[in-house]
Amino acid sequence: MIIDSQAVKNTCNASIESKGFCFYKSTNGIKRHLVVDTLGFPFFTHGTKASVSDDAGLIEVLTLNIDYFKSKPLNIPKITLLLDNGYHPEHLTKELEKNYPEIMTKIKFELSEKPSKSEKQAQGKSGFVPVKARWVIERSNAWMERCKILVKNFERSLAAATAKLNLCLIRLMIRRLAPSS
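Residues numbered from 1 in each chain as written. Predicted model: local features only at pLDDT ≥ 70, side-chain atom pairs only at ≥ 80, totals over all residues. Heavy atoms only, no water.

**Let's talk about the overall build of the protein**
- Helix and strand content of the protein: six helices and six strands.
- Across the 181 residues of the protein, 44% fall into the buried class.
- The contacts of the protein with a sequence gap of at least 6 include a subset with a gap of at least 24, amounting to 65%.
- Carbon and sulfur atoms make up 57% of the accessible area of the protein, which amounts to about 10500 Å² in all. (Helix = DSSP H or I, 4+ residues; strand = E, 2+ residues; numbered from the N terminus. Buried < 20%, exposed > 50% of the residue type's maximum accessible area, 1.4 Å probe, protein only. Contact = heavy atoms within 4.5 Å. Areas by Shrake-Rupley, 256 points an atom, 1.4 Å probe, with all protein chains shown as cover.)

Below you can see the structure in the form of structure tokens.
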């Protein structure tokens, strides 16, 4: 599973419940927390105020869906959660174990490696270089941006904003299932 959060600006219609300011991303609005599989299809989604940190948002996502992890048998390999460098696995582990002490027997966190300048130069590349496996979540974010309703947050509640996100992702998956015509 690959994890990311995306900050989205609010419009004037958005309520006080969904207003927050993310200093890291300089955005006044909401954050969409998305957990996808290796193909980029959604596993879990969650909406928070933009002022909620990425770590806290991930803890909320996993806590809301803790039954999924509880139902996994112990004899299968651990589920790897690929994080970018904005997350702190030690903090996440400590907080998640408060809710479900056996969770680390079923999941493991892995920070995606960021290529150094010397590695980029050795490959003959400069500027932005996609990080291994992170392009999957970025592609999912690009798919979501095709839905005009998700470009900004127009909703008065976080639940409505999350529902619109889920509808967009359902539409995407239905398009993948339907035969081309």
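From this point, the narrative continues.
**Concerning the environment of Asn65**
- With respect to the secondary-structure elements, Asn65 resides in the loop between α1 (54-64) and α2 (66-70).
- We classify Asn65 as partly exposed; its relative accessible area is 23%.
- Separated by 21 residues in sequence, Asn65 and Phe44 place their C-alpha atoms 7.7 Å apart.

**Considering the nonpolar core**
- Among the nonpolar cores identified, the biggest contains 19 residues, and Leu58, Phe69, Leu92, Leu96, Ile103, Ile107 and Phe109 are the most heavily contacted of them.
- Of all the secondary structure elements, the ones that give two or more residues to this core are α1, α2, β5 (79-83), α3 (89-99) and β6 (107-111).
- Among residues more than four places away in sequence, those in contact with Ile107 are Phe69, Lys78, Ile79, Leu81 and Leu96.
- Residues Trp143, Cys147, Leu165 and Leu172 belong to the second largest nonpolar core, which totals 13 residues. (Core = buried A, V, L, I, M, F, W, Y, C linked by side-chain atoms within 4.5 Å.)

**Some remarks on the pattern of salt bridges**
- Throughout the structure, instances matching the rule amount to two salt bridges.
- Of the charged contacts, one joins Lys31 and Asp54 as a salt bridge, the two residues approaching to 3.0 Å between their closest N and O atoms. Here the residue Lys31 occupies a position in strand β3 (residues 27-36), and Asp54 occupies one in helix α1, the gap between them amounting to 23 residues.
- For Lys98, the salt bridge is made with Glu95, and the minimal N-O distance between the two is 3.2 Å. (Salt bridge = Lys/Arg side-chain N within 4 Å of Asp/Glu carboxyl O.)

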